[in-house]
There are 2 protein chains.
Amino acid sequence: MIKRYRFGTPIETGAVMEKGEEQDRRELFITQTEDGFCYRMSDAMIVYGLGENTRGINKRGWSYISCCTDDPRHSEGTRSLYGAHNFLLLSDRECHTGLFIDTPGKVTFDVGCSQYDLLQIKVEDACDLYVIVGDSAPSVVQQFRSLIGRSYIPPRWAFGYGQSRWGYQSSEDIREVVRRHREQKLPLDSVYLDIDYMERYKDFTINRETFPDFEALAAEMKKEHIHLVPIIDGGVKVEEGYDVYEEGVQEGYFCKDEDGNDYIVGVWPGKCCFPDMLNEKAGKWFGRKYGRLLEKGIDGFWNDMNEPAIFYSQQRLEQVFNELDAYRNQNLSIDSFFKFQNLAPSLSNNEEDYRAFYHNYRGQRIRHDKVHNLFGFYMTRFAAEAFEELEPQKRILLFSRASYIGMHRYAGIWQGDNRSWWSHLLMNIKMMPSLNMCGFLYTGADLGGFGEDATEDLVIRWLSFGIFTPLMRNHSAIGTRRQEAYQFARTDLFRNVLRIRYRLLPYLYSEYMKAALNNTMMFQPLAFVYPEDARASRIEDQLMLGENIMIAPVYEQNAEGRVVYLPERMKMLRFRTDGSIEESIWENGFSYVDMPLGEVCIFVRDHYLLPLAEGGEYVEEVDFEHLKLYSCGEEVKPYEYYTDNGETKEYLLEKHIRILTHNH
Amino acid sequence: MIKRYRFGTPIETGAVMEKGEEQDRRELFITQTEDGFCYRMSDAMIVYGLGENTRGINKRGWSYISCCTDDPRHSEGTRSLYGAHNFLLLSDRECHTGLFIDTPGKVTFDVGCSQYDLLQIKVEDACDLYVIVGDSAPSVVQQFRSLIGRSYIPPRWAFGYGQSRWGYQSSEDIREVVRRHREQKLPLDSVYLDIDYMERYKDFTINRETFPDFEALAAEMKKEHIHLVPIIDGGVKVEEGYDVYEEGVQEGYFCKDEDGNDYIVGVWPGKCCFPDMLNEKAGKWFGRKYGRLLEKGIDGFWNDMNEPAIFYSQQRLEQVFNELDAYRNQNLSIDSFFKFQNLAPSLSNNEEDYRAFYHNYRGQRIRHDKVHNLFGFYMTRFAAEAFEELEPQKRILLFSRASYIGMHRYAGIWQGDNRSWWSHLLMNIKMMPSLNMCGFLYTGADLGGFGEDATEDLVIRWLSFGIFTPLMRNHSAIGTRRQEAYQFARTDLFRNVLRIRYRLLPYLYSEYMKAALNNTMMFQPLAFVYPEDARASRIEDQLMLGENIMIAPVYEQNAEGRVVYLPERMKMLRFRTDGSIEESIWENGFSYVDMPLGEVCIFVRDHYLLPLAEGGEYVEEVDFEHLKLYSCGEEVKPYEYYTDNGETKEYLLEKHIRILTHNH
């Protein structure tokens, strides 16, 4: 049951499919406060949700701010990441209640941070509050997901392994990456193009000095079963003669400052304008520009820097130079030094800048901060809508860094710029169910970590988890240690891990499609499947993947295995480094399981089966028809196997599901 | 067996007690490389050591740099912390070998980071290399500890709980902290004075506006059984009329720049000079200044900022202002913006500054970077030596932020400025045995975390571990959430946890003294006690504390318990929140143990006992004579109980040890 309560006159976000009737606020089960809502949580209550965020699957004990933020240095103490996902699920024995705060501005969720038993929500602007009541946590999620609409479905090739790096400088660099994967029999389906491929970081351009043969390269790669996936940034370079910039100026498509002039910020290319992604005309115009790359043979994109990230605003930069001068010849002590030192750093993503420019949204002039969390969403939505126009028959890969609920219908997200930290691997694990709740199914983190230097064991362990995430991309930043699968001593371990991905593809794709079409979660906390099991409800480092299996990744350095909690008897499949699979039965309870580097363990639930393919070096090579079934125990539940050609847009379950039974 | 190999003519550090004869380098078991050493590690080898550092008890998989660094924002990716502890212990079934690189400059330890099976040590200058071979890991440690000499022993009151905060601005603030602890029956033995107590951050001064009655305050506190522990910084403010500065200038006691002028850096007070801590005359002069505070009734100190931390050097600051100008009116793009933005931040702890000033060490002019890791050590050593002169009969509390091996004879360390992160609680746990190996027994972290806001559960969990560490101090930074035990809703939980500390004091003090006098470790990895147990050897989040007990702290948010590995059958004592103790027997293997917030679980080894006192609100109130013994199983090993008056400097074991048997 979903009820909507309205507070003020909120700006339309496009998050939900149908608003439903407004309810009487006096019936609201949470307390309205001066600036939001407040609720006393029971001791046993677990609070799920908030999508892309730090900390646990259980969000209790921290305060989070929904405000799309480019923070590549995020850590345990961070409150805002790249996305803004205002969905919470309060769950204890008596109550399973979802809350969705639909508002495009800032929202603070203090989940027992200031006071351990108080949930305090602060909403800066008007909002619609949706309250979703169900008799279980999954039922609340399913209702919420049906409210916000079907999740994005990528082409099937996008479930293959992708290699990326900021720093692939030329066509030759790309060819080398592919060659070395193929030589070493390391499976691969895509190579990502970071900002290096553009001419002076201008959207929709090609650096013809370093990528002279871009179209030929794309065609050549297609023959090798490799898809090139270029990046598109949220800002358009200010440059005379650059047609996108000039059109934007001429048509008035850019965001404006208070006085109506194009608002200038600094991002990768230096001075840029932001297309007014909320203005339908501007958005459509920008979306259609993707066609230039489609024409060159491209069939996938990632939208970046669309929080939008601001390195500096032209206005503030001038101010900072003046302020810096004032510190000259002072005795810089505790009172002044840190202010001085922080001046230039404080230029980036400065709150005041977000209050200094304006959108034209549905005919109204609206200050950016009031709709901040929609920028990346609408940029992505207009791209997706352009694809519908330009390539109506084709699934195009699309994912974004910034997001808001609603965008999940148009694209996936990656989990933003992270670091080569073990704790970021763990965060990646914990984020999966939280994102699934909010509709984001096509997602994954930068495997191996984007910033800082990765070690071999970290990359192997991260890939060993990444083989389960729909988006499986190894990505790293320029200046950091190279972390492609062929860069380390033990290539055989990498090969083994990557091959497991391709054996799992039929199951992963099937579970993805069913989750998208049934509004269910692909990754669930154990509590969702074993609600009566108090131990299971507190497990934060294992996940249910689809209906049939449980995973328990290793995320600690130098670990040779880990303790796994089995909520029931299960069969463990151990994928050995020689390609064989060892099967063993594990009983209910905590057990220590050896998990040497390069091996992967998967737990098949009792009475369930796991279908496996033979594998392949790219998705097209995988045989989705002839599967080997691994099952646990007797009376094995027949498996509803979804399969299609990976391209069609007719997603009907009835048509594409077939039943696999153990005697198949 | 200890062998010393010499490479070049190293600068004397004072780390070891007796050098022993130089050995023939051709016999060395590790390979000498161009700039250091190299060794191929077996797959099973665990590498212990490196004292204060990030990452695991097993140091494999990362690269560490011994270079004392003020880094309050350290994280998993950090390579240098506040101390420099060049001791490694390589351990597998065949080999237990210690390595100590004795050199006062920078050393890099790449422990399988660049290549997973290679230990690569890079030494910038000449060194003595000590190789210590034993038949077990503990035997190597004991030999090494006897090489470097007996660890510092603080007064017994310093095992009480201490409250600290940068931001206690006045005598009244101090009184309030004490009053609120006493009112709430929260045990307390000391209050720390951060830089706020000084006049304009000048060492050895008192801000008489805010602490007009400093001497009276100290006396009043003593009556309340509270010790005030002021901070002393490594830099001396440049200020006309400030006698310490003027004496330093006049006597030539400050570090000099290339041209022989006093080298000026910016720290808390703004412009400062560094006393030449390596110059015996200057060091003695600075050490005797502590007498000013001893006279005021002070009997404990913490030395800070003595890496030494540099916010900026006068020279570089001017340069940065000029460079900043050059960026004016540029299009700041990817190529220039980050350089611009990083200019002011790069002022702090800049490597070039450490190459720009000089010491007069044993009559020789030596550039600072060549002896960098000795600065904090010698500052602290000269203070300790002054105490011997000024208060020969008294144990004075002394601990430092920066350190080098050798300093452990003179003082303890705290684990530097950390953050209110769960991962820093875990790091605190892992650091304990690593520091003990290197001689640092009196140590602990800033409980609750220094930087950023702490949550109630984090502080309770951190204190629940902190009750085991010799230095038990709750410390936080100005501007962060207050985190004294009385600041949160559930004071009763805090009270229970703190009281357990005072019940444990006889055991903790006894184990501390035995570890100091026998050159053993108070905190050991499980592997040291159960070397045959392969599971135990990989446990990174449990510790053996003394000979008799094992601890398994909770360090994850929202956890209601944790999995504990028992290498053998043990008795668990559960300290309930009502003050009672529940006893239960747990068998060998992995078990899940409920550990609700505010309860503490301690595991007593089979055939061992744990003596407990009744407790008290301060150390003096604890009855160290009448103990209750909790034992596990039959044939309980008699306990060698060390006790003295906590003040004497006659530490003879024979005199102070008595045997407790279960029928005592």
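Located above this text is the structure these notes cover.
Residues numbered from 1 in each chain as written. Chains lettered and ligands numbered in written order. Predicted model: local features only at pLDDT ≥ 70, side-chain atom pairs only at ≥ 80, totals over all residues. Heavy atoms only, no water.

Participant: Explanation requested: the nonpolar core in the structure shown.
Facilitator: Most often, soluble globular proteins have nonpolar side chains that are buried together. Core analysis: the biggest nonpolar cluster contains 400 residues, and Phe340 of chain A together with Phe340 of chain B have the highest contact counts within it. Among all residues touching Phe340 of chain A, those that are not within four sequence positions of it are Leu324, Tyr327 and Leu332 of chain A together with Leu317, Phe321, Leu324, Ala344 and Leu347 of chain B. (Core = buried A, V, L, I, M, F, W, Y, C linked by side-chain atoms within 4.5 Å. Buried < 20%, exposed > 50% of the residue type's maximum accessible area, 1.4 Å probe, protein only. Contact = heavy atoms within 4.5 Å.)

Participant: Would you mind going over the environment of Ile174 of chain A with me for this structure?
Facilitator: Residues and elements named next belong to chain A. Along the chain, Ile174 falls in helix H2 (residues 171-183). Separated by 54 residues in sequence, Ile174 and Leu228 place their C-alpha atoms 9.1 Å apart. When near neighbours in sequence (up to four residues on either side) are disregarded, Ile174 contacts Tyr168, Val191, Leu193, Phe211, Leu217, Met221 and Leu228. (Helix = DSSP H or I, 4+ residues; strand = E, 2+ residues; numbered from the N terminus.)

Participant: Explain the environment of Pro638 of chain A to me, please; I cannot follow it from the model alone.
Facilitator: Residue and element names in this part refer to chain A. If you trace the backbone, Pro638 turns up in the loop between strand S38 (628-631) and strand S39 (639-642). It is 6.2 Å that separates the C-alpha atoms of Pro638 and Ile659, two residues lying 21 residues apart in sequence. Those residues in contact with Pro638 that lie beyond four places of it in its chain are Ile659, Leu660 and Thr661.

Participant: Before we go on, may I ask you to explain the interface of chain B and chain A in this structure?
Facilitator: Many authors give the size of an interface as the accessible area that is lost as the parts come together. Facing 62 residues of chain B, the contacting portion of chain A comprises 62 residues. Buried area between chain B and chain A, summed over both chains or domains, comes out near 5,500 Å², and the portion from carbon and sulfur atoms is 55%. Looking at the side of chain B facing chain A, the largest losses of area belong to Phe321, Ile334 and Asn558 of chain B, adding up to 12% of the total buried there. Applying the counting rule to chain B against chain A returns eight salt bridges. Measuring nitrogen to oxygen at the nearest pair gives 4.0 Å for the salt bridge that ties Asp453 of chain A to Arg79 of chain B. Scanning the region where chain B abuts chain A turns up 37 residue pairs in polar contact (both at pLDDT 80 or more). Of all the elements in the fold, those that place two or more residues in the side of chain B that touches chain A are strand S18 (270-273), helix H7 (314-326), helix H8 (337-342), helix H11 (422-437) and strand S35 (589-594) of chain B. Examining the composition of the side of chain B that touches chain A, we find that five residues originate from one element, H7 of chain B, more than from any other. Its residues placed into classes, the side of chain B that touches chain A shows 29 nonpolar, 16 polar and 17 charged. (Buried area = accessible area lost by both parts, 1.4 Å probe. Salt bridge = Lys/Arg side-chain N within 4 Å of Asp/Glu carboxyl O. Polar contact = N/O pair within 3.5 Å; in protein donor to acceptor, adjacent residues only side chain to side chain. Nonpolar A, V, L, I, M, F, W, Y, C, P; charged D, E, K, R; others polar.)

Participant: When you look at unusual backbone geometry in this model, what are you seeing that I'm missing?
Facilitator: Across residues other than glycine, the phi torsion is negative in most instances, and most of the peptide bonds are trans. Cis geometry is found at the peptide bond from Glu307 of chain A to Pro308 of chain A, where omega equals -5°. Its place among the elements puts Pro308 of chain A in the loop between strand S19 (300-304) and strand S20 (312-313). One non-glycine residue with positive phi stands out, namely Arg200 of chain B, at about 45°. Its location among the elements puts Arg200 of chain B in the loop between strand S13 (190-193) and helix H3 (214-223). Phi at Arg362 of chain B takes a positive value of approximately 50°, unusual for a residue other than glycine.

Participant: Hey, could you run me through the relation of the copies chain B and chain A in this one?
Facilitator: Applying a rotation about an axis and a shift along it to one chain copy brings it onto the other copy. Mapping chain B onto chain A calls for a rotation angle of 180° and an axial translation of 0.0 Å; the resulting RMSD is 0.0 Å. Here the copies are linked by what is in effect a two-fold axis. Same-surface contact between copies: 100% of interface residues of chain B are shared with the interface of chain A. (Least-squares fit on C-alpha atoms with pLDDT ≥ 70 in both.)

Participant: Please explain the packing of H2 of chain A against helix H3 (residues 214-223) of chain A as it appears in this structure.
Facilitator: Two quantities define a packed helix pair, namely the angle between the axes and the distance from one axis to the other. Residue and element names in this part refer to chain A. One can describe the packing of H2 onto H3 by two numbers: an axis separation of 11 Å at closest approach and a directional angle of 5°. Of the possible angle classes, the one that applies to H2 and H3 is roughly parallel. From H2, Ser171, Ile174, Arg175 and Val178 reach across to H3, where they touch Leu217, Glu220 and Met221. Grouping the constituent residues of the contact of H2 with H3 by class yields four nonpolar, one polar and two charged. (Axes fitted to C-alpha atoms, helices over the stretch in contact; angles between N-to-C directions. Parallel < 35°, antiparallel > 145°, perpendicular 65-115°, else oblique.)

Participant: Would you explain the packing of aromatic side chains in this entry?
Facilitator: To describe a pair of aromatic rings, one takes the distance between the centres and the angle between the planes. If you walk through the whole model with that rule in mind, you get 106 aromatic pairs over all chains. Their ring planes at 10° and their centres at 5.5 Å tell us that Phe488 of chain A and Phe494 of chain A sit as a pair that is stacked. Each member of the pair, Phe488 of chain A together with Phe494 of chain A, is buried. Between Phe100 of chain B and Tyr130 of chain B the ring centres are 5.9 Å apart and the planes differ by 25°, which places this aromatic pair in the stacked class. Of this pair, Phe100 of chain B sits in strand S8 (residues 96-102) while Tyr130 of chain B sits in strand S11 (residues 127-133); the two residues are 30 residues apart in sequence, bridging distant segments of the chain. A relative accessible area of 0% places Tyr130 of chain B in the buried class. Among the aromatic residues, those joined into a ring-pair cluster are Tyr152, Phe159, Tyr192, Trp302, Phe399, Trp414, Tyr442, Tyr509, Tyr512 and Tyr642 of chain A. Note that Arg79 of chain B overlies the ring of Trp62 of chain B, its terminal NZ or CZ placed 4.1 Å from the centroid. (Phe/Tyr/Trp six-rings, centres within 6.5 Å; stacked < 30°, edge-to-face > 60°. Lys NZ or Arg CZ within 6 Å of the ring centre and 35° of its normal.)

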